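# An overview of the molecular structure
If you want the building blocks of each chain, they are given just below.
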Amino acid sequence: MPAIQLSVAERKTHRAEAHHLDPVVMIGNDGLTPAVLKETNAALNAHGLIKVRVLGDDREAREAMYQQLADELGAAPIQHIGKLLVLWRPKPKKVKAEDEERKAGPREFKVVKNSSRGGQRPEVKRVRVLGNQRLTTGGMVKKAKPKQKSVKKTRVD
């Protein structure tokens with residue numbers, strides 16, 4: 001997967017956003033291992049914009065790791081300063097699975113009762129209504145009546 005190419009303005013924006021970030025992945029003396037690639041991929045999926053710290057002293061090796069990370073993970077190289085590498089990749093959209101058996105959860109309502117005397121504040125009550133209950137116009141919570149099974153009388157001729 002090739003690296004994402006960004007314009008100068010987009011790279012500048014991401015560089016500014018990454019300024020306050022802490023490194024989430026550290027590359028040790030072993031270099032780019034499959035475990036490091038897996039963790040970097042997971043961090044890019046979770047955060048989108050990440051910093052990576054490289055512990056080696058060789059600048060050419062760090063530059064090669066930077067390009068290899070960007071190419072293999074399909075990320076955009078944003079910045080390489082010293083031992084810090086900044087990578088960006090758009091976060092994937094999360095797919096939310098819908099459950100057909102799931103029913104509506106409890107709802108909260110605010111019931112306001114005006115005072116019988118004019119100058120006093122109205123009484124405000126928070127009421128939680130469950131799935132099998134309903135709220136009447138007077139602010140009372142009533143249980144729903146169970147559905148009655150219809151019993152049809154059949155004619156015998």
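Here the structure is shown first, and the text comes after it.
Remember, it's a predicted structure, so these values are computed and weren't measured experimentally.

Where helix 2 (residues 34–47) meets helix 3 (residues 59–73), the axes come as close as 11 Å, and the angle between the chain directions of the two elements is 65 degrees. For the element pair helix 2 and helix 3, the recorded crossing hand is right-handed. Along its contact with helix 2, which presents Leu37, Thr40, Asn41 and Leu44, the element helix 3 presents Leu69, Glu72 and Leu73.

This part covers the environment of Thr40. Position of Thr40 among the secondary structure elements: in helix 2. Exposure remark for Thr40: the relative accessible area of 0% places this residue in the buried category. Residues Thr40 and Leu55, spaced 15 residues apart in sequence, show a C-alpha to C-alpha distance of 15 Å. In this structure Thr40 touches Val25, Ile50, Leu69, Leu73 and Leu87, once residues within four positions along its chain are discounted.

The final tally for this structure, using the stated rule, is three salt bridges. Between Lys83 and Asp57 there is a salt bridge, with its nearest N and O atoms 2.9 Å apart. You can see Lys83 sitting in the loop between strand 3 (76–81) and strand 4 (84–88) and its partner Asp57 sitting in the loop between strand 2 (49–54) and helix 3, a full 26 residues away along the chain. Glu108 serves as the salt-bridge partner of Arg128, at 4.0 Å between the closest nitrogen and oxygen. Of this pair, Arg128 sits in strand 6 (residues 123–129) while Glu108 is found in strand 5 (residues 107–113), placing the two residues 20 residues apart along the sequence. Judged by relative accessible area, Arg128 falls into the exposed class, the value being 53%. A network of salt bridges, in which partner residues are shared, links Glu108, Arg126 and Arg128.

Calculation notes
Residues numbered from 1 in each chain as written. Predicted model: local features only at pLDDT ≥ 70, side-chain atom pairs only at ≥ 80, totals over all residues. Heavy atoms only, no water. Axes fitted to C-alpha atoms, helices over the stretch in contact; angles between N-to-C directions. Helix = DSSP H or I, 4+ residues; strand = E, 2+ residues; numbered from the N terminus. Left-handed = near helix turned anticlockwise from the far one by under 90°. Contact = heavy atoms within 4.5 Å. Buried < 20%, exposed > 50% of the residue type's maximum accessible area, 1.4 Å probe, protein only. Salt bridge = Lys/Arg side-chain N within 4 Å of Asp/Glu carboxyl O.

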